[in-house]
Every structure is written in C-alpha cells, then in structure tokens.
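Examination of the molecular architecture
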Amino acid sequence: MPEPKMSLRKGSQVWIEDKDVAWTSAEIVGFIGKQVQVVTASGKKVLTFPEKMFPRDPDADHGGVDDMTKLTYLNEPGVLYNLERRYALNDIYTYTGSILIAVNPFTKLPHLYNTHMMEQYKRAQFGELSPHVFAVADASYRAMMNEGRSQSILVSGESGAGKTETTKLIMQYLTFVGGRAATDERTVEQQVLESNPLLEAFGNAKTVRNDNSSRFGKFVEIQFDVNGRISGAAIRTYLLERSRVVQITDPERNYHCFYQLCASPRDAEKYKLDHPSHFHYLNQSRTYELEGLSNAEEFIKTRSAMEIVGISHDEQEAIFRTLAAILHLGNIKFSPGKEHDSSVVKDQKSSFHLHTAASLLMCDVKLLLSMLCTRSIQTREGIIVKALDCNAAVSSRDALAKTVYSRLFDWLVEKINRSVGQDLESRIQIGVLDIYGFECFKNNSFEQFCINFANEKLQQHFNEHVFKMEQEEYSKEEINWSYIEFIDNQDVLDLIEKKPLGIIALLDEACMFPKSTHETFSTKLFQNFRYHPRLEKAKFSETDFVISHYAGKVNYQTETFLDKNRDYIVVEHRSLLSSSRCPFVASLFPPLLEEVSRSSYKFSSVASRFKQQLQALMETLNSTEPHYIRCVKPNSLNKPQKFENLSVLHQLRCGGVLEAVRISLAGYPTRRTYSEFLDRFGLLAPELMDGSCDEKATTEKILQKLKLENFQLGRTKVFLRAGQIGVLDSRRAEVLDNAAKCIQGRLKTFIARRSFVSIRAVALSLQAYCRGYLARAVYEAKREEAAAITMQQYARGWLCRRAYFELHLSAVIIQSSIRGFSTRRRFLYRKEHASASRIQAQWRMYRLRSAFRHHQNSITAIQCLWRRKVAKRELRRLRQEANEAGALRLAKSKLEKQLEDLTLRLQLEKRLRLSNEEAKSTEMTKLQKRLEAVNLELDVSKLATINECKRVSMLQKQLDSSMQEKSTLERELVGMTQLIKENVLLKGSLATLEKKNSALEFELIKVQRESDDRMEKLREVEQKCVQLQQNFRSLEEKLSNLEDENHVLRQKVFSASPKSRHGFAKQFSDKYSGALVVPHTERKPGSETPTPTKHIVPFSLGFSESRRSKLTVERHQENFDFLSRCIKEDLGFKDGKPVAACIIYNCLLHWRAFESERTVIFDYIIEGINDVLKVGDENVTLPYWLSNSSALLCLLQRNLRSNGFLTATSQRSTGSAGLTGRGPPGLKSPFKYVGFEDSMSHVEARYPAILFKQQLTACVEKIFGLIRDNLKKEISPLLGSCIQAPKSGRVHAGKSSKSPGGAPQQTPSSQWDSIIQFLDSLMSHLSENHVPSFFIRKLITQVFSFINISLFNSLLLRRECCTFSNGEYVKSGLAELEKWIVNAKEEFAGTSWHELNYIRQAVGFLVIHQKRKKSLEEIRQDLCPALTIRQIYRISTMYWDDKYGTQSVSNEVVAQMREILNKDSQNLTSNSFLLDDDLSIPFSTEDIYMAIPAVDPSEIELPGFVSDYPCAQFLAQHPKLNGPTTTPKEVPHQ
C-alpha cells in the first residue's frame, strides 16, 4: 500500500516493518545518506529507506478510533494497531466507513447482546452509536423499509473468525425489529439456528486452521411482508466441496457426519461400521477426533436437530444407511481382470464391502458391480459394454460416492426450507451470506483455487460497493471526484473464467482428454499466459503456478486438479439408484425422461458448475443493497486477549479491508469536519481564529496560507489527499516546537530571576543574622558580668548562714544527748526491778504445781487398778452370754423373716400386675406406696444392721483386749459378712423394681401423647368442617345476591320507558346480560323478604310492582346523568379542593351507595373517568383527574371501613328499591356510624364499595403512568441533543487558554434551557390543577431518573460524547438542573438530585485532570462509587481529551478492570453496562393515604347545573356535608 512521499524530520514518529510483529513504532533520530536511522519502541536502532516507512500519529488516543476513516494517517499499520488497541479494551467492533470489522473475542460478552442493547440500536442512525453488528442489521432493515429494496449482509472471514456467531446475532436482531406473526410457535431465528447443527454435521469439516470450517456457502434469506414483519425464510447453499468426500489430506478430516455415525455403537453395529481408521475415505488423514468434542455426543445433537427440523425416524434411518453405504463404497478395491483393461473386485474384504453397500442402498449387487467395472456405450447398432481398468473403476466409484452425498446434502437443505417455511409472495428480504474466506496454505490445491476464485468475485463486488460509497460521500459533500481512479480486479477474473482461454476453460479441455495429465495442463497454461501480469510460474516446480490475487500471491499445486475437476454423470448410476427398493434413495435420483447422449458417461466440470453457481450468487447479490461485515480471528490458539499481528494483517488483506483502504487512498482518505480541523490546525494561523469568518472560510484561508493543493472543501468536511495531513502535522509540530522553545525561554528567564531574587533575599537575611549575633554576644558578656557579681553576693551570704546553722545544730545535739543519757539510766533501773519480781513469782508457782501433779498421778493409778478389776468381772459375764446364743442370732433370724416377707410381697405384686394390666394407673400408685413401705422396712433393717455393726465393733474392741476370745469374735465377723451379702441382694431386687416402675411410667407417657395427637387431629378436622360450612354459606348468599340483582336488572329493562331504554338502561342490560337469571316462579314475594331497613314505612298499596321498578330506573338514570356531567365538565377547584371529587363523594354518601351490596354506579364512575381520559387533552385532563381521583381515593380511604363486607346480610325484596316514606326518628338507619376522626364519620362499607376503592386505586396508578410516559416521550428528543456539546463557538478555540486551570466554563446551550422550560411547564400544569405535592415529587423524581438513564446510556454508547469538553458541557447543564431543583424546593423536587447520581459521577470522571494518577480504588470509592466496574471500564476506554490532549486512566488500572470483568464473565454474574428504566408505580394506597392531607368535602362551590337535577338538590340545601345526613326520602340503592 504505497503512501505518498511524506516530509521527514528528526523526531518524527513513524511505522517500520518488523518480521515478528509486522509493524512497530519508531522515532527518527538521524539521516545517513538516502537511509533514515530510527529507534524502535524496544530501543533498537534500525536503518531503513523512507519509502518503507509510514507516518504515525503521536497524539492518537490509546483507545483507538471507532471508524478507520477517522485515522489521521490511513495506512496499513495504522489500521492494524487501531484494531489491536480496541481489541485490548474488548471493543471488538470497528467501522471502516460502512464496513464493520468484527474481531472474535473468544469469550462471552453478554452485556453487548441483550435486549436492552438491541433497543438502543433500534432506529439509531448508522455511526451515531458505537460500532456494533446490530447497527449494520438495523441499517439494512431501515434501508429495506424506506427504499423497498432487498438487502444483503455479506459476512466473510477466515475459519474460526466468528462468521456463524455473527450471522446468529444478525438474525436475532432482525427477529427483534421485524417481529413474527402471533400464530407461529418458533421464530425464524430459532428455526434457522435449530437447523445449524444439522448443516454443520453434513457441510462442515476440519481444516488446517479451523476444526469446524464450513465447506459450503450459506445464504440465509429472511423474508418480510409489506409491514416489515418476518413472513418466512429460506436457506440457499452454494459451492459444496464435493471432492472432500473421497479425498482429504492430513491433518484435515472428512465431513463430521461420517465420524459421528462411526461413534454411535448401535448404528455402527447395525450398518456394519467400525473405527474411522478402517475406511478409505476417512483414513487418508490420521485425525479422527477433535479436541474438546465427542463424536458420540455430537451424533446425538445431530439426531435431535433432525427431529426438530421434521425428519421422520424412517428418513433418518435412510440417511444414515446412505452415509454408511458411501463409506463401504470407498473400501471397494479393484485388481486387473483376465481381459485387457478390465477390473474385478480385489479380494474377499472388498467383496464384503460391495455386498454391504448394495444391501444398504437396497439395489442389486451384480448390477452395482457391473456399473462400477464396465461402461455402456449406445450406438446405432446397439449398446456396447466396455470394461474399465482399475483406475477408471476407482474414478467411477468415487463419482458415485460424490453424487450420492451431493444429492443427500441438497435434500437436507430442501427439507430444512420446508420446515422453516418460505413466503413465496414476499417482495423484500434481507439475505445473510456466510461463506468461506480467502485461503492460502502451504499446499494449495483445486479447492483453494475455487474458493479464492469465489472470493475474487466477492471482492470485485466489494470494491464496487466501496467505490460507490466513496462516490456517494463525495456527491453528498458536493466536491469534484471525476478524476479518481477505480481500482478493479477484473484482470484476475478474466484470467480465471474468461472463455476460451481462461484457466477453467483450459482445465475443462484437459479433462475431456483421457490421456491428459497435470503436466500437459500446466504447459498449456504457461504457453497461453506467458506474459500475463497476474500469473507466473513457480520457482521450484515445473507444474505449479502462482496467481497474484487481491490478498496476495498464492502458489497452486496442479497434481490433483484434473482428478478433482472431473465429475462424470453416469446414467447407469442414476438408473440403478432410482430403481432402489429404498424409497429415500430412489427419491434422490428421479428417473430421466429421455437420454440424448450416446454414451452412458456425461462429463461434468466441477469448476464450470462452480462458476455457474457463483454467477447465480452474484446475480442475487447484485439485485440487493449490500452491507459488509469482515470477521477477524485474532489468534490461532482461540484464546482471549491475544492478538497476533501477522495473522490479523493477513486476514485484513484477504478480507479486502486493506483494499478498501487503498480505494480510499486513491481519493481523499483524510476527512475532517471543519470544527475538528480548526481544533487541531487552527493554531497554524491564530490571526484567522477571531470568529469573523465561518468555519469553512477559515479552513480555506488556513490551507491557502500553507500553500496546500489538491484539497476539496465540502459542505461539512474538508477532504485532503494522501500525505497532506502529514504536511499539516509537520507544520503543526513546527509551530508547537517554536511555542515550546518560547515557553522554555520564558521559563528559564523566570527561573533565573527567581534564583537571583532568592539569593539576594538570602544575603540580606545572612547580614541581619550576623549583626544580630554580634549584638547578642556583647549583651551576653555584660549580662554574665552582672550575673557574676550577683552570684558572689549571694555566695557570701550563703556561707555565713551555713556557719551559723552548723554551730546552732551542734549545740542542740549535745543538749539532747545529755538529756537522753539520764533518761535511759532511769529506765534501766526500773526494768531490772520489775524483772526480779516476776522471776520470784514464777518460781513460787512452779513449786506448788509440781506437788499437785504428784498427788494427781497417784490417785489415777489407784483408779486404774480398780477399774481393771471391775472389767474382768464384766468379761466373765459376757462370755457366759455368748455361750448361750446371744443377740447376734436373734438379729439374724429377724432379718431372714423380713427377707421372706419381702419375697412373698414381690410374688404378690407380680401376680397383681399380670391380672390387672387394664388398671395400670391405679396399680402404679399402689406399687409406689408398697415400694415406699418396702423402702421404709429396708431403712429399718439398714438401721438395725448399722446398730448391730456398732455393737459388733464395741464387742470387737473389748475382745481385742483379750486374746482368749479372738476366735469367738472371728466367727461373729463371718456371720456379719453373710448379712452384708444378703443386704446386697435386697438392694438388687429393689433396683429391679425401680426399673420396672420407670418402664411402666414411660408406657403411660407414650399413651398420653398418642391421645393428645388424636385430639389435635380431631380439632383440625372440626375447624375444616366449620370453614367449609362458612364457605358454603357465603356461596349460597352470593348466589342469592346475584339472583336478586338479576331480577332488579330485568325489571329495569322491561319496565322502563322506550325513551329511557335507548339510554342508560339499555346499556346496562346489555352489559349484564350474562348474569344469573332465576325463573319468576322461584322468586320469593316481596312481603316475605325483609328489606335492608326494617323500619321503613311501606309505600302506598296503590302502586304496583312494575310502577315502583319504573320509578327506580328513572331515578337511577337521573343519578347517572348528574354524575356523567360532573365527570365530563371541568368543575375546577375551591380552596385547592377538587370540586368534582367532593360532589361525587357527597352524592355517593347521600345515596347510601357505600352500604349497598349490589350496585353498578361505581363501575359507571370508573368508565366515565376512563372515557374522559381517552378523548380529552392529555396535558390538561390527566393532571386534573389525577388530582380529583386521588382526592376521592383519599376520602374513601379515610372515611370507609370494611366490616364484614363478605358476610351475609338480609336479603332484599323487589320492592325495597321503591320510593318509601321517612322512618320514625328513633329508629336506626342502615348505616352504622362507628366513630369520628377529623370531623368525618366512618361508614361501614360493603364489598362493592371496597371493590370501587381498588378500582379507583388502579385508576390513579394508570393516570400517573400515563403522565409519566408522556413526559418521557416529550423529553427524549431534548435529551438526545443535550448529551453532546454543540459545534458552535469552536472557531474561538485558537485564542482560548489551553491550560487546565484557565479553562472557561461553558454555558449551557438552548437545549438545556429547553429542558428547564419543559420542567417549568410541567410544574405549572401540575400546580394549576392542584396536584398534591406527593405526586409532583414522585413525577419529578421519575423524570430526573429518566434523564439520568438516558444521558448515561447515550454517554456509554457514543464515543464522541466521552470527551473532556463534552463533560464540561453536560456538567454545566447538570448545574442548571441543580439550580432548578433548589428553586423547586424539597417539597416538590424530593430526591431528584440523587437520581442523577450515575451521570453526575460519570461526567465528574470525564472532567477531572490527571486521570492516569488515579488508582482503581480511588476511582471506585471516591470518584464513581455508584458505577459498576463494567461501566467505569467502558467510560475509561472510550474517553478522549479533545481539549488538552491528556490521557485516560493508566494501563495498570485498565488491566485490573479487565481481569475483574473476565472473572465476572466466567461466573456469568455480570450484567449490561446500560441502565434499565424502572416502569413500576413508585407508591401504594397506604403511601397516598399517609402523604396526602385530609380533604373536607364540605364548603364547596356548586356548579350552576346542580339545580337542574332533583337528585342533587340536597347539595344546595346542606352546604356542609361532613357525614351522612337524614334526607326527607329514601333514595334507592344503586
């Protein structure tokens, strides 16, 4: 892509070629001869030639531009790196004029494709919002509807670039905007997409670059009716690669369906299949599995897709039989036969496959073998059968396989079209073409030749469209473009398809001769095109040739060209398969009516048929208006955030994007609006930026001043030839350099002067400090001298005082020592005297105590001798008692008796328990008592045992004193041991009894619980029965009420006058004709049914029942007429109170309608209000009735109480609605007044009144919603123009200050003034109709919420709005809104300012300086706390400073946000970055009741027509109607 010569200077930024990354940025540092020395971004110095460099814009935004035509330098590296920058920010869509480039993100971006995003692009101008596939789809749909011409969207790209996904998104959007008939069960998009797995299985295969490459072209034609609604669809396929069925290369695969069928165990066994490696058509490549995919699972999906499309089970089985037959055909091998040039089946294995194929195709095996090995030639004499050699037999076999598969694929497409449903009467449609892109591999064969031929055709169509767009742009801007040269590739197309010497014609000619080879074909090719500029001979091959396509040179190997181009149509093949016993196979090959050819073989050229199909496709595209989408695969690893420059650059060349750029370069590639041009280059001529001329004239003067030529001035843009923008940038750089040098000189002067001033100030300060230091030194010396004298004076005085104190202290010490010595001597004398007296007393006492102890010991000895004698006597007595069986035996016998008693009692207890199980509770008490008795006896025995033990211990002590009675005591101890054992046994029996007792208690508790459960169930059943009885009674009562009401209505209809029948009575008789009708014979007479008011005086007996009914209907009609007039006429307000609401409430209260259980007056009121809302002026009617309906609702809410409105009441007689007299004064009326609150009585309301309140609530919500929706519709156009700053005033930018501190604040334009006027008008309308402040506050809040949502969404969708100057403009407008809110006060504005949180924070982020210094935490917590990460990321990547040229946030912050977003997308928790509008009603009935002040319906100004209605005379008679009043006559219930 040559670039005109640019002006090079030291420091210029350029692009240079790099073998690793295609292009790299560099800076010119010097010139060496004709070469230029540059330093790359990596710091490497390189020498290169100027013609190999491209200029680079140093001021380019790091986020890139959304349209390539906006690039300052439109060249190959600029396009490449603009895509890379946008891809790094997840901006995968970019425009190149009207062409959309879509880079596959290889990750889910759900926020880009939801319904809200489609709503934003609906009816938006192309290019107004950010690039998107929805924008292209919308542009095609709008063009189709506006022009009435069919459209086409051409989606192209390399395998894996996302063509299929893009096609899905296009159909999804067209379904969204086009709609579908309500009778259809599934949308066209769903039906077409449901067929995708089926088409992919039979039409996709693995190639070198993609595991799921489409090997056919698909044209999805979506048909529309005259109203723009989708009426049908059709799928047309082109250029199926038939040769792949029989021949593949490693590492590619055959079509997916073969591998899926082999992976199904049931079907493989059924059709005698095996692993793909056992079949010739599949084992030519060693790749049988795809990474990450299971053939068995894909086979299930294929079957499911067949069922969805409508392919029956039998047809599915036939399809798979056919596929299996093709595989078996490929395994048939041939060997030379006995005759010359004949062939036979090679071996037993081949024979097996032959028989299997014949059985699967349901044809005769002998005929199949004959068809493969022989050829029939028809002559005049008859048919001659010619044997085929092995190679010819193989060709015949492969031709059969290709023909069968091709027919099968065509049948599938036709079946899908029948399933989707075509509209044959449709005149307009949108076609979406999904076709394989340009291919250039290491080995390129016949398939690549055909594919690239198709892409050359499409590229020519593309070039014509791009050139046409260029012409339209130039015509639109009214500039001269006649000399612009059109770049065409017709010479390549002539080389390939022109007759009689095109490549295809030569190939067909070579195929017709059996002995032709690829060498002879290549030789003839080189002979005919020896000097053709687009074709050349390969360097290291005699047969390969090279074609210079638009995307580059491709080297084709011709070894298989002839074999792949030959496609014989064998009559025997068709005859055999058309006679198949399988109906499906026979339907694929309908019988021929007449065979003209004398030979059974018909040569058919694949290339010629390919050319014909391609021509048909081009005719279809030429009849439509094209739109182009180029899909790009960013890397070969299918990983996100990885951009391979060389691969992308190759795809841009193959996709024709660079060709479109080259077409733009041939004309005026640089286009700038006048405001943008003056913003960038106005500084070149600041004297012209005084605003005296318009932008166009100023631009022309600047260009003339710079002596530029070949530029064009359009209506809104200036057009520059290639290279001129470089000259302008060079001049601009010189001006900026000079300005920088001037600024540096001034800055250096300022720094030097500031340094001098600071040094002088320092010198003065030093001098002052030195003088002060010397003065302080003199002063210090004098001060020290005076201090020394003072110190000496005080020292002498201190010495004298110290000497005096020492003498005084010595005297005092001596005196005290003498006094102490004399005192101590007296104390020692007294102490010695007292000690002597104490010693004497102690000695006397000791002597007396010793004598006493001697006497006491003597007495004790005598007593001991006497006691020993008495003890011996007692011992003898005890021995005698022991020999006579003493007290121990008696105790033992007593214990044995007690044990026997216990045993008997236990046995008795057991017998009683067994015999009396039914009286367990009684027995338990007895057992407890007996157990207590036993415990007492045991305690007694324990006490006795303890006493015996004590006695034994006493005896043992006595026996210890005597050795003689030791043996006796030992025997007694043995007896005690036995007693202890017996005691242990008694304790065990006691424990057993206690356990049994606890078991009985547990059983008792269990029985009690079961009894409690049964009682609870019985209570629940009783409650259900009671509830069912109540429901049954209520239903009976409702049925009786309906019967009575139906009776009343029937009387109204049949008893009313003819005049009234044409009025209200007829209307309501029709309305309620479906009510329950009870026969007259079953009705109770009026005398038997009690009236609602039991004490009403009965009417005169002279009136008949029909007369009373007629009067009732007339009275009802009068009431309805009065209410209808109150509703239709504007009664205004009295002291802020709505008159209509007060009159309606007073009438309903006076007529006792709230107590009535059967009335239609409430429905009439609601219908009247709805009718007025439909026909009246919305700006007047809606606020008026919002005020009235809310006031009426407030009156009902405050003054009505629902007290048993669903319960039964006394039935009414047919005569109760008649005219009655006034009741006695002491009797109660039907109303119950249950209390007073705010001077208003509360009335017990029945069910119709409560239902009326609910209907009135719905009416208030409806009116509020209508007002809100109308406000949004009115303000939406104003907001659309407020989001972007107007272009006026830009001409003064040349002289305005460029420093951030000195930036003048922009004043809001008239658009913001119009919004303020709109809000003022809204407030005036609401105030004039006395709408409560509660509703005004809610409306204003929702309007500001809508302003916030609209501005914020527009900001995120339009990159031109994310600028610094636009942020200032919107910020100034928001300041005006803030002033309005402050003036409106909180009573009406409420939290409106907080509703603008999102747009305020977003705009605040746009206008802050030094964004690159802000961390992500600071942005999230301080600047934009309300915004999500996705929203912050969107603003950060779209921001560009059009005023000061500053950058957005740092790359580290962008990387952090991208990492967070990637995690969110994996967790599928992320949502759209756009805000959704809240359509709910922001209040409830309780909110209205709490917020709206009480309304007093009295003291209202009555309208003049009240006197015309007798039913409303009470309003004039009673000026104050605070509650229900007694009237002179009873008014019938409504």
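What comes next concerns the included structure. (Residues numbered from 1 in each chain as written. Predicted model: local features only at pLDDT ≥ 70, side-chain atom pairs only at ≥ 80, totals over all residues. Heavy atoms only, no water.)

1. Some thoughts on the overall build of the protein chain
Formally: Secondary structure follows DSSP: runs of H or I at least 4 residues long count as helices, runs of E at least 2 residues long count as strands, and numbering of each begins at the N terminus. Residue exposure (1.4 Å probe, protein chains only): buried if accessible area is under 20% of the type maximum, exposed if over 50%, otherwise partly exposed. Note on contacts: a residue pair is in contact if any heavy atoms of the two residues lie within 4.5 Å. All accessibility values rest on the Shrake-Rupley procedure with a 1.4 Å probe; residue burial counts only the protein chains present in the view.
Along the protein chain, the regular secondary structure elements total 45 helices and 31 strands. Out of the 1534 residues in the protein chain, the part that is buried amounts to 46%. For the protein chain, the proportion of contacts with a sequence separation of at least 24, taken over those separated by at least 6, is 74%. Per element, the accessible surface of the protein chain, about 80900 Å² overall, is 54% carbon and sulfur.

2. Observations concerning the packing of helix α7 (residues 256-263) against helix α10 (residues 313-330)
Selection rule: Fitting a line to C-alpha atoms yields each axis, with helices limited to the stretch in contact; the angle taken between N-to-C directions then spans 0 to 180 degrees. Should an angle lie under 35 degrees it is considered roughly parallel, over 145 roughly antiparallel, and from 65 to 115 roughly perpendicular; all remaining angles are considered oblique. Three residue categories are used. Nonpolar comprises Ala, Val, Leu, Ile, Met, Phe, Trp, Tyr, Cys and Pro, charged comprises Asp, Glu, Lys and Arg, and polar comprises the others, including Gly.
Running from N to C, α7 and α10 point in directions that differ by 100 degrees, and their axes come no closer than 10 Å. Here α7 is positioned roughly perpendicular relative to α10, judged by the angle of their axes. For the pair formed by α7 and α10, the contact residues are Cys-257, Phe-258, Leu-261 and Cys-262 on the first element and Phe-320, Leu-323, Ala-324, Ile-326 and Leu-327 on the second. Residues of the contact of α7 with α10, tallied by class, amount to 9 nonpolar, no polar and no charged.

3. Remarks on unusual backbone geometry
Put simply, Asp-250 and Pro-251 share a cis peptide bond, and its omega is 10 degrees. With respect to the secondary-structure elements, Pro-251 resides in the loop between β12 (230-238) and α7. Phi at Asn-90 takes a positive value of approximately 65 degrees, unusual for a residue other than glycine. Positionally, Asn-90 belongs in the loop between α1 (76-88) and β6 (93-96). Judged by relative accessible area, Asn-90 falls into the buried class, the value being 14%.

4. Re the pattern of salt bridges
Which entries qualify depends on this criterion: Take a side-chain nitrogen of Lys or Arg and a carboxyl oxygen of Asp or Glu: if they are within 4 Å of each other, that pair is a salt bridge.
Tallied over the entire structure, the rule returns 34 salt bridges. One salt bridge connects Arg-653 with Glu-76, and the closest N-O pair in it is separated by 2.9 Å. Pair noted here: Arg-653 is in helix α22 (residues 645-654) and Glu-76 is in helix α1, with a separation of 577 residues, a long-range link. Residue classification places Arg-653 among the partly exposed residues on the basis of a relative accessible area of 35%. Looking at Glu-76, the relative accessible area reads 7%, which means it is buried. Salt bridges sharing partners connect three or more residues here, namely Arg-215, Glu-241, Arg-244, Glu-252 and Glu-439.

5. Examining the packing of aromatic side chains
Where we set the bar: Pairing of aromatic rings covers Phe, Tyr and Trp, the last through its six-membered ring, and needs centres within 6.5 Å; plane angles under 30 degrees mean stacked, over 60 mean edge-to-face, and all others mean tilted. Distance and angle both matter: a charge sits over a ring if NZ of Lys or CZ of Arg is within 6 Å of the ring centre and within 35 degrees of the ring normal.
Overall, the coordinates contain 32 aromatic pairs when judged by the stated rule. Where Tyr-255 meets Tyr-405, the ring centres are 5.1 Å apart and the plane angle is 15 degrees; that geometry is what we call stacked. In this pair, Tyr-255 sits in the loop between β12 and α7 while Tyr-405 sits in helix α13 (residues 390-420), placing the two residues 150 residues apart along the sequence. Look at Tyr-255 and you get buried, because its relative accessible area is 0%. Put simply, the rings of Phe-446, Phe-449, Phe-521, Phe-545, Tyr-556 and Phe-561 touch in pairs and so form one group of aromatic residues. Its guanidinium or amino end placed over the ring of Tyr-259, Arg-253 lies 4.0 Å from that ring's centre, counting from NZ or CZ.

6. Observations concerning the nonpolar core
Soluble globular proteins tend to bury their nonpolar side chains together. For clarity, the threshold we go by: For the purposes of this section, nonpolar cores are sets of buried Ala, Val, Leu, Ile, Met, Phe, Trp, Tyr and Cys residues that join through side-chain atoms within 4.5 Å.
In this structure, Phe-202, Phe-258, Leu-368, Ile-629, Phe-1122, Phe-1335 and Leu-1377 are the most contacted members of the largest nonpolar core, which totals 263 residues. With 15 residues, helix α37 (residues 1333-1357) is the single largest residue contributor to this core. Aside from chain neighbours lying at most four places away, what touches Phe-202 is Tyr-255, Cys-257, Thr-302, Met-306, Ile-319, Leu-323, Tyr-405, Leu-408, Phe-409 and Leu-412. By size, the runner-up hydrophobic cluster in this structure holds 51 residues, among which are Ala-454, Phe-521, Phe-610 and Leu-617.

7. Some thoughts on the side chain of Ser-608
Along the chain, Ser-608 turns up in helix α21 (residues 606-622). The buried category is assigned to Ser-608, whose relative accessible area is 17%. Not counting residues within four places of it along the chain, the set of residues in contact with Ser-608 comprises Ile-504 and Asp-508.

8. Digging into the environment of Ser-396
Relative to the elements of secondary structure, Ser-396 occurs in helix α13. A sequence separation of 24 residues divides Ser-396 from Leu-372, and the C-alpha atoms of the two residues are 5.8 Å apart.

9. Description of helix α4 (residues 163-178)
The following threshold applies: Expected helix span is taken as 1.5 Å per residue step, with the number of steps being one fewer than the number of residues.
When the terminal C-alpha atoms of α4 are compared, their 22 Å separation across 16 residues agrees well with the 22 Å that a helix rising 1.5 Å per residue should span. All of the buried residues in α4 are Lys-163, Thr-166, Thr-167, Leu-169, Ile-170, Met-171, Tyr-173, Leu-174, Thr-175, Val-177 and Gly-178. Positive backbone phi, at 70 degrees, marks Gly-179, one or two positions downstream of α4.

10. With respect to the sheet that holds strand β19 (residues 545-549)
Here is the rule: For two strands to be treated as a pair, DSSP must find no fewer than two bridges joining them.
Reading across from one edge, β18-β19-β20 is the order of the 3 strands in this open sheet, with antiparallel pairing throughout. Each edge of the open sheet is held by one strand with a lone partner, namely β18 (535-537) and β20 (552-556). Taking the axes of each pair of neighbouring strands and ignoring which way they run, one obtains an average angle of 25 degrees across the sheet. Two strands pair when backbone bridges link them, and β18 and β19 are joined in this way by 3 bridges, in the antiparallel orientation. Paired with Glu-536 across the two strands is Val-546, which belongs to β19. Sheet contacts for helix α15 (residues 490-497): β18 and β19; angle to β19, the most-contacted strand, approximately 145 degrees.

11. Examining the environment of Pro-1482
Tracing the chain through its elements places Pro-1482 in the loop between α43 (1451-1467) and α44 (1485-1491). In this structure, the C-alpha to C-alpha distance between Pro-1482 and Glu-1261, residues 221 residues apart in sequence, is 9.3 Å. Apart from the residues within four sequence positions on either side, Pro-1482 is in contact with Phe-1264, Lys-1338 and Gln-1342.

12. Brief notes about the packing of helix α38 (residues 1364-1389) against helix α40 (residues 1397-1407)
This is how the line gets drawn: The handedness criterion is simple: a crossing whose near helix is rotated anticlockwise from the far helix by less than a right angle is left-handed, and one whose near helix is rotated clockwise is right-handed.
Close contact between α38 and α40 brings their axes to 8 Å; oriented N to C, the two are set at 140 degrees. When the axis of α38 is compared with that of α40, the two are oblique. For α38 against α40, the interelement crossing comes out left-handed. When α38 is examined against α40, the residues Phe-1364, Gly-1367, Glu-1368, Val-1370, Lys-1371 and Leu-1374 are found in contact with a partner set consisting of Ile-1399, Arg-1400, Val-1403, Leu-1406 and Val-1407. Residues of the contact of α38 with α40, tallied by class, amount to 7 nonpolar, 1 polar and 3 charged.

13. Observations regarding the pairing of strand β7 (residues 99-103)
For β7, the buried fraction is high: 5 of the 5 residues fall into the buried class. Of the pairings in the sheet, the one linking β6 to β7 comprises 4 bridges and is antiparallel in character. Each bridged residue has a counterpart across the sheet, and for Tyr-93 the counterpart in β7 is Ala-102. Connecting the antiparallel pair β6 and β7 is a turn made up of 2 residues, with Gly-97 showing a positive phi of about 70 degrees. For β7 and strand β23 (residues 625-632), the ladder comprises 4 bridges, and the chain directions are parallel. Bridge pairing in β23 places Val-103 opposite Val-632.

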